[in-house]
Amino acid sequence: AKAWSKIETMTKIKPMESIIGGSRGGKLVGNQTTIYRRRYASPLALLAVLCLIGTMYKMAGINTDDAVDIVATTGNDIDTAGEEAGGSQMDGMFSSAENIEEEQNVDEEDGKSNASMKNDVTKEEETKGEETGHQEGKAMTQKSIKKEKAKAKKVHKSESKMKKKNSPFPLPPLSSLLDENGKIKSDVSWLLELIILGFPKSGTTYLEHNLNSDNSYLIHSEQCKLAANKTDILVPILYQEPPNNVNGLIRGIKCPRLLESEYALANTAQYFPNANFIISTRHPVLWFQSFYNFRSYKMHPKFDLTPMDLIGECHREKNTKSPYVCIPDIDGCDKTKTYNVCTNRAQYHHALSRFGKTPMTSKYELDLLDHHDMSVVPSKAKVFLIEISQISDTNETRAKIFRDDLKKFIGISSDLPAMKHESRNQYPDAKRKERFMNICDEQYGPLREILMDHGRKASKWIRKYFLKSPDVFVSSREFLEEQLETWTVDPCDDIEDSS
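Please read these numbers as outputs of a predicted model, since none were measured by experiment.

(A) View of the packing of aromatic side chains. This model, assessed by the stated rule, comprises 16 aromatic pairs. Where W287 meets F291, the ring centres are 5.8 Å apart and the plane angle is 35°; that geometry is what we call tilted. Placement of the pair is W287 and F291 together in helix 9 (residues 284–298), with a separation of four residues, close to one helical turn. Note on F291: relative accessible area 2%, which makes it buried. With a centroid separation of 5.9 Å and 55° between ring planes, the pair formed by F409 and F473 is classed as tilted.

(B) Geometry of the packing of helix 9 against helix 14 (residues 445–464). Relative orientation of the contacting elements helix 9 and helix 14 amounts to 125°, with a least axis distance of 8 Å. As far as their axial angle goes, helix 14 and helix 9 are oblique. Where helix 9 abuts helix 14, its residues P284, V285 and F288 lie against L447, R448, L451, M452 and G455. Residue composition of the contact of helix 9 with helix 14, grouped by class: six nonpolar, one polar and one charged.

(C) Looking closely at the nonpolar core. Of all hydrophobic cores here, the largest spans 72 residues; its most connected members are I279 and F288. For this core, the element with the highest residue contribution is helix 14, accounting for six residues. Leave out the neighbours within four places in its chain, and I279 touches L197, G198, F199, L259, L352, F355, V383, F384, L385 and I386. Listed in part, the 20 residues of the second largest apolar core include Y206, L218, I410 and F473.

(D) Main features of the sheet that holds strand 1 (residues 194–197). Spatially, the six strands line up as an open sheet ordered 2-3-1-4-5-6, and their pairing is parallel. Each end of this open sheet is capped by a strand with a single partner; those strands are strand 2 (216–218) and strand 6 (472–473). Bridging between strand 5 (residues 383–387) and strand 6 involves two bridges; their strand directions are parallel. Its bridge partner being in strand 6, V383 is matched across the sheet by V472. Packing against the sheet, helix 13 (residues 396–410) makes contact with strand 1, strand 3 (250–254), strand 4 (276–281), strand 5 and strand 6, and its axis sits at approximately 155° to strand 5.

The rules behind these values
By convention here, each chain's residues receive numbers from 1 onward along its written sequence. Thresholds applied to this predicted model are a pLDDT of at least 70 for local features of residues and 80 or more for the giving and counting of side-chain atom pairs; totals over whole chains, interfaces and linings are not thresholded and use all residues. Just so you know, side-chain values use all the structure's heavy atoms and leave hydrogens and water out. For Phe, Tyr and Trp, rings pair up if their centres lie within 6.5 Å, where Trp contributes its six-membered ring, and each pair is then called stacked (planes under 30 degrees apart), edge-to-face (over 60) or tilted (otherwise). Secondary structure elements are taken from DSSP: a helix is a run of H or I of four residues or more, a strand is a run of E of two residues or more, and numbering for both begins at the N terminus. Categorising residues by exposure relies on relative accessible area from a 1.4 Å probe, with only protein chains included: less than 20% of the type maximum marks a residue as buried, more than 50% marks it as exposed, and the intermediate range marks it as partly exposed. Axis definition: a line fit to C-alpha positions, over the contact stretch in the case of helices; interaxial angles, taken between N-to-C directions, run 0 to 180 degrees. Any angle that is under 35 degrees is reported as roughly parallel, and any over 145 degrees as roughly antiparallel; angles of 65 to 115 degrees are reported as roughly perpendicular and all others as oblique. Every residue pair with non-hydrogen atoms within 4.5 Å of one another is taken to be in contact. We call Asp, Glu, Lys and Arg charged. Ala, Val, Leu, Ile, Met, Phe, Trp, Tyr, Cys and Pro are nonpolar, and the rest, Gly among them, are polar. By nonpolar core we mean a set of buried residues, namely Ala, Val, Leu, Ile, Met, Phe, Trp, Tyr and Cys, connected to one another through side-chain atoms within 4.5 Å. Each pair of strands is called paired provided DSSP finds at least two bridges between the two strands.

Written out as structure tokens, the structure is:
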């Protein structure tokens with residue numbers, strides 16, 4: 001109070017009671033940090049300095065009143081302060097996930113440094129004060145992390161309730177959503193709240209079949225109308241296929257190539273702004289082999305390109321290059337050439353950056369992204385990132401955490417079933433398997449080098465930038481980062497060493 005009186009006299013601001021509630025134990029009333037940031041930056045900064053210096057002097061054995069006088073004397077030299085230095089970032093993990101690491105320090109590449117304050121005290125006192133401040137700062141960091149974790153859980157709980165309120169029940173007639181020409185004429189955002197996308201052969205179909213519950217429904221076929229600019233056709237599907245007798249039903253679709261098509265994210269932002277995303281990834285080398293063999297089998301004998309023919313872009317019609325996958329209805333491309341199998345699709349970080357969740361301002365980050373020219377569609381959408389090893393994790397405790405985190409992210413009420421793959425022969429026809437590849441064969445060495453380059457950059461960017469976004473959620477972060485780290489190692493090396 002004595003300190004505030006001095007500051008109040010110096011700066012002539014509103015009385016203390018207007019900011020600090022007397023009946024609330026002296027806590028700030030409302031979001032005063034934001035309200036008073038500009039007009040009262042100096043007094044609030046001085047008060048913060050006072051609290052820290054007071055502690056320093058107390059530990060040094062100096063009278064607190066003297067400390068107040070010193071701060072009041074030196075306070076006139078402080079012109080502006082109190083701007084936020086970038087608070088703690090939510091690491092995207094739920095409370096049930098493993099302990100998160102502290103990430104309060106900003107990357108050196110971004111050119112940021114912590115602000116420092118100097119006071120007219122002796123060198124010995126300043127040293128003691130720095131030690132005290134470091135200890136207090138560490139305690140505050142741990143406290144802020146706990147608050148962020150609790151906040152994340154609270155936010156998702158409220159979002160879940162919000163979704164249920166946004167879904168009308170009983171459903172309005174379809175004619176109220178589409179005009180006589182089948183064009184969207186009113187709000188349809190409640191029809192789609194969950195999208196499973198990216199990347200093929202990374203467990204997306206398996207997720208689709210396991211995420212249905214009492215209050216969620218994912219359509220059991222790929223729905224890629226958003227990529228083809230056919231949202232009008234998607235609306236009746238979303239309206240008619242799911243059960244219409246469930247209040248607050250969460251509707252979802254799956255389409256791995258949405259994230260890599262030119263129009264899907266823009267259409268989603270326009271018509272379904274409340275939709276959140278689940279994205280599954282896989283080691284680029286293993287992904288390419290799985291996807292190539294899948295296409296060879298399903299498209300036999302049309303798919304006749306060798307793996308070495310598929311280095312580079314997927315979209316190759318009329319000698320034009322495009323960073324996007326081919327959508328025949330839109331691009332007029334001859335899909336039989338690549339069937340969207342190409343090494344460029346292993347650049348997961350290019351596609352993920354389109355959400356606009358990272359700064360993309362530093363040269364270091366842009367170099368990792370290869371300065372790609374894909375469109376970026378920033379939104380408030382939440383993203384749950386998965387590495388395929390998490391789906392069939394043999395660690396039962398961690399697997400249970402993974403299912404619970406997915407459950408919370410989606411906002412469903414019932415527990416998810418154990419996610420274990422059934423052993424089955426996916427490719428029984430020997431004739432169709434004639435073109436299957438073993439990517440570890442020596443002839444594919446140059447191909448693996450390209451995929452490994454993509455994998456190293458994707459792994460680095462995801463861990464260094466993407467996971468730091470408060471809109472990106474993961475489960476068991478430490479385990480996930482371990483799996484992302486394996487992308488920097490050629491999986492064929494182990495085979496060669498053992499042989």
